[in-house]
Amino acid sequence: MNRRYEKQPLKEGKLVLYIDQDCKKIEAIYYIQKIIGQGRSCLVYDASYIDNIGLEHKVRIKECYPDGIDIVRDKNGNLCVEERNQNRFSDKKKRFEEAYKLNVKIQESEDLINSTSKVRQLYYANHTIYFIFEYNMGINYEEYEEKSLESLITRMKTLCSIIEKYHNQGYLHLDIKPSNIFVLPETKENVMLFDFDSVVKIEDIKENKIERISYTEDFAALEQRTGKMKRIGKETDIYSIGAVLFYKMFGRVSDAMDREYGTDYDFCEIKEKYPELTPDFFEKLGEFFNKTLSANISNRYKQMRDVINSLTELQELCSEKRLFIESNFTYDTNSFIGREEEIDEINIYEASRKAMLIAISKVREQINLEHVLIDAMPINIDIPTTSIIKG
């Protein structure tokens, strides 16, 4: 980012907020503790206030501080813009107020009333706008480790059910990531979402009313990272679900090769950790990642209900209550002899093919033409093995 446009957060300490735009009627006093994140139009802080009997209450405060405008914070905390940018800043603040109304509408929805952070009030100060969120008492999912694979998949199903309700009401979340999710360890059926300012109406996307959407690169689909607004839809949130599950399961973010449709995922570490899992679980898991993480939108699940159904199958396949017969039959790998040269040729070919796939995947994402390259660059190359098999 250009240093000229770097955002300057509020310092730790007292923040006086007003109920009126002229900032004459003091409504509340809060205490800024630390900045915890930012979106395309805001900064978000952990803060607190003292009630009338002296008890401290934690909250989160979102400050309107838009990208793309040269804004300077003065020594008193005011956001200052040049005269030529005043109209743009005013427009951004109007949109911020609309975002507040949208948050209220979502949280008052019967389906989402206990699944999203509750916004409490809108205030004015420092030449900008603030709104207050209740503090989520759960644990940030970035910091929480599930006790079992079944628990992880159950939690992801709960998350999908919440996102499905967003979709059914005409919204996209577009910033699904572990740090935006809060969980209660004692129950897998309760997940709380926080939104830095990414939620948009699906119809606004279709009508080209959205110029730019904030995102977190590690968990955002290619169409979102490259700003292809017309291609953003429910499948974009579906990608993020796959990315979160991949991250929690593998302990790393997905890379270009993981996003190649048809990838044969390496589940060796998971198999070692959970030796009781059967091959059909890993077959289904590979299918799940191929249908969520694919860089090509057409390869992904189309509806969140499809994702939930797939997770239900995985949940049943990894259930601790599931019974199966474990065979002790083993193959004698030493019984196959000969053809060493041909086998070496196959191994060399497979290594070269994998390297080529990785290179193609990286090129696709770098030049943002994955929808062209998928048709133009065949990657399923067969080696003629007839001469090896015969004889």
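Please read all numbers here as calculations on a predicted model, not as lab measurements.

Enquirer: What should I look at first to understand the sheet that holds strand β11 (residues 181-183) in this one?
Expert: Taken together, 3 strands build an open sheet; the order of strands is β9-β11-β12 and the sheet is antiparallel. Single-partner strands in this sheet number two, and they are β9 (139-140) and β12 (191-193). The pairing of β11 with β12 spans 3 bridges and is antiparallel. Bridge pairing in β12 links I181 to L193. Contacting β11 and β12, helix α2 (residues 149-168) runs over the sheet at an angle of about 45° to β12.

Enquirer: Where do I start with helix α7 (residues 279-290) in this structure?
Expert: Residues separated by three or four positions in an α-helix point in the same direction, a consequence of the helix having 3.6 residues per turn. Spanning 12 residues, α7 covers 17 Å between terminal C-alpha atoms, matching the ideal 16 Å at 1.5 Å per step. What α7 keeps buried is the set F281, F282, K284, L285, G286, F288, F289 and N290. Taken together, the buried residues of α7 touch α2, α5 (234-250), α6 (268-273) and α8 (304-317).

Enquirer: How should I be thinking about unusual backbone geometry in this particular structure?
Expert: Excluding glycine, most residues fall at negative phi; most peptide bonds, likewise, are trans. A positive phi angle, close to 65°, is found at H127, a residue other than glycine. Looking at H127, the relative accessible area reads 48%, which means it is partly exposed.

Enquirer: What should I look at first to understand the confidence of the model for the protein in this one?
Expert: The predicted coordinates should not be examined in detail at positions where pLDDT is low. Looking at the protein, pLDDT values average 84 and 85% of them are 70 or higher. At the level of individual helices and strands, the protein shows its lowest average pLDDT in helix α11 (residues 386-389), which scores 38, and its highest in α5, which scores 97. Throughout residues 370-391 the model reports pLDDT below 50, and contacts reaching past four residues in sequence, or to other chains, amount to 29 contacts.

Enquirer: Is there a simple way to think about the nonpolar core in this case?
Expert: For soluble globular proteins, the rule of thumb is that nonpolar side chains tend to be buried together. In this structure, I241, F281 and F289 are the most contacted members of the largest nonpolar core, which totals 50 residues. Those elements giving two or more residues to this core turn out to be α1 (86-107), α2, β11, β12, α5, α7 and α8. Ranked by the residues each element gives to this core, the list is headed by α2, at 9 residues. The contact partners of I241, leaving out residues within four places of it in the chain, are M156, L159, C160, I163, I176, F288, M304 and V307. Counting residues in each nonpolar core, the second largest holds 23 residues, with L10, Y18, Y30 and Y49 among its members.

Enquirer: How do you make sense of the packing of aromatic side chains when you look at a structure like this?
Expert: A ring pair, where both rings are aromatic, is described by two values, the distance of the centres and the angle of the planes. Enumeration according to the criterion identifies 18 aromatic pairs in this entry. Pairing Y30 with Y49 gives two aromatic rings, centres 5.6 Å apart and planes at 70°, and the pair type is edge-to-face. Here the residue Y30 occupies a position in strand β2 (residues 26-38), and Y49 occupies one in strand β3 (residues 42-50), the gap between them amounting to 19 residues. The exposure class of Y49 is buried, given its relative accessible area of 18%. When the centroid spacing of 5.5 Å and the interplanar angle of 35° are considered together, the rings of F267 and F282 count as tilted. Of the two residues, F267 is situated in the loop between α5 and α6 and F282 in helix α7; the sequence distance between them amounts to 15 residues. According to the relative accessible area criterion, F267 is buried, its value standing at 6%. F282 sits in the buried class, given a relative accessible area of 8%. Through successive ring pairs, a cluster of aromatic residues spans F246, F250, Y265, F267, F281, F282, F288, F289 and Y301. In this structure, K248 packs its charged tip against the face of Y141, placed 4.2 Å from the ring centre. Just above the ring of F282 sits the side chain of K271; from NZ or CZ to the centre is 5.2 Å.

About the criteria used
- Residues numbered from 1 in each chain as written.
- Predicted model: local features only at pLDDT ≥ 70, side-chain atom pairs only at ≥ 80, totals over all residues.
- Heavy atoms only, no water.
- Pairing = 2+ DSSP bridges.
- Helix = DSSP H or I, 4+ residues; strand = E, 2+ residues; numbered from the N terminus.
- Contact = heavy atoms within 4.5 Å.
- Axes fitted to C-alpha atoms, helices over the stretch in contact; angles between N-to-C directions.
- Expected span 1.5 Å × (residues − 1).
- Buried < 20%, exposed > 50% of the residue type's maximum accessible area, 1.4 Å probe, protein only.
- pLDDT = per-residue confidence, 0-100.
- Core = buried A, V, L, I, M, F, W, Y, C linked by side-chain atoms within 4.5 Å.
- Phe/Tyr/Trp six-rings, centres within 6.5 Å; stacked < 30°, edge-to-face > 60°.
- Lys NZ or Arg CZ within 6 Å of the ring centre and 35° of its normal.

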